[in-house]
Amino acid sequence: MDSVLIASNTPETMGIISSLLQSRSFDRIVTSQSGSQARRDIMESDFDLIIIDTPLTDEFGDDFSIHAAEHSTAGIILIVDSNHLYDVSDIVEDSGVFVLPKPVSPEYFYQAAKLMESCRKRVFYLENQNQKLQHQIQEIRTVDRAKLVLIQVLNMTEAQAHKYIERQAMDLRQSKLQTAENILRTYEI
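Reading the values: rules and limits
- Residues numbered from 1 in each chain as written.
- Predicted model: local features only at pLDDT ≥ 70, side-chain atom pairs only at ≥ 80, totals over all residues.
- Heavy atoms only, no water.
- Helix = DSSP H or I, 4+ residues; strand = E, 2+ residues; numbered from the N terminus.
- Rg over C-alpha atoms; globule rule 2.2 N^0.38 Å.
- Buried < 20%, exposed > 50% of the residue type's maximum accessible area, 1.4 Å probe, protein only.
- Contact = heavy atoms within 4.5 Å.
- Areas by Shrake-Rupley, 256 points an atom, 1.4 Å probe, with all protein chains shown as cover.
- Lys, Arg positive; Asp, Glu negative; His and termini not counted.
- Charge placed at Lys NZ, Arg CZ, Asp CG, Glu CD.
- Axes fitted to C-alpha atoms, helices over the stretch in contact; angles between N-to-C directions.
- Parallel < 35°, antiparallel > 145°, perpendicular 65-115°, else oblique.
- Left-handed = near helix turned anticlockwise from the far one by under 90°.
- Nonpolar A, V, L, I, M, F, W, Y, C, P; charged D, E, K, R; others polar.

1. Quick word on the overall build of the protein chain
The number of helices and strands found in the protein chain is seven helices and five strands. Start at the N end of the protein chain and walk to the C end: the helices and strands fall as β-α-β-α-β-α-β-α-β-α-α-α. Scaling as 2.2 N^0.38, a compact globule of 189 residues should have a C-alpha radius of gyration of about 16 Å, whereas the protein chain reaches 26 Å, well beyond that. Each of the 189 residues in the protein chain was classed as buried or not, and the buried ones make up 38%. By sequence separation, contacts in the protein chain at least 24 residues apart represent 57% of the contacts at least 6 residues apart. Surface accessibility of the protein chain: about 11,300 Å² in total, with carbon and sulfur atoms responsible for 51%. One finds the centroid of the 18 positive side-chain charges in the protein chain at a distance of 14 Å from the centroid of its 28 negative side-chain charges.

Structural data, given as structure tokens:
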């Protein structure tokens, strides 16, 4: 992780959290005392981790945590008084916000930060896999459209159209997608 946003109403808490994070060698730590300032911060910059120590100066912090989950890809840790832990968890857990009770031990905090980092890496991996699959689906659709054009325009069978695309791709040393796109440009009306 490279950058962290810490939202807390007390400079002491920001200092404690910053010192806990210094051992993790974050490139950039941004601090904010209000929800409105923290909202501006996430609009202006991307963060890998957002830590919210409730309450903030202008709001409790649960609304900001949900806003941050909707508008960033950061892992989000919300630190609340242990009396409100379950109520706040019920509100924010569907947004993927991890809630910690106050007071939080350095070890527990470190584990929560590691958990957010692991979850974030997993999400990025899954998003990457999803993009690859979307690309493959688009390629299949394009090749199928080219086959349909060959069937309609040149009266080929599906097997002949398939073989034609494969042969053209091999002869021209290009992908089936490129061949299909060339066929579509040539024959599609």
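2. Overview of the packing of helix α3 (residues 62-71) against helix α4 (residues 85-92)
Two elements in contact, α3 and α4, have axes separated by 10 Å at closest approach and are oriented at 30°. Of the possible angle classes, the one that applies to α3 and α4 is roughly parallel. Note that α3 runs across α4; the crossing there is right-handed. Between α3 and α4, the contacting residues are Asp-62, Ser-65 and Ile-66 on the first element and Val-88, Ile-91 and Val-92 on the second. Class assignment of the residues belonging to the contact of α3 with α4 gives a composition of four nonpolar, one polar and one charged.

3. With respect to the packing of helix α5 (residues 106-154) against helix α6 (residues 158-171)
The interhelical angle for the contact between α5 and α6, taken along N-to-C directions, is 120°, at an axis separation of 9 Å. By the angle between their axes, α5 is oblique relative to α6. Note on packing geometry: the crossing formed by α5 with α6 is right-handed. Listed contacts from α6 to Val-143, Ala-146, Lys-147, Leu-150 and Ile-151 of α5 are Glu-158, Ala-161, His-162, Tyr-164 and Ile-165. When grouped by side-chain class, the residues that make up the contact of α5 with α6 number seven nonpolar, one polar and two charged.

In short, geometric facts, not functional conclusions.
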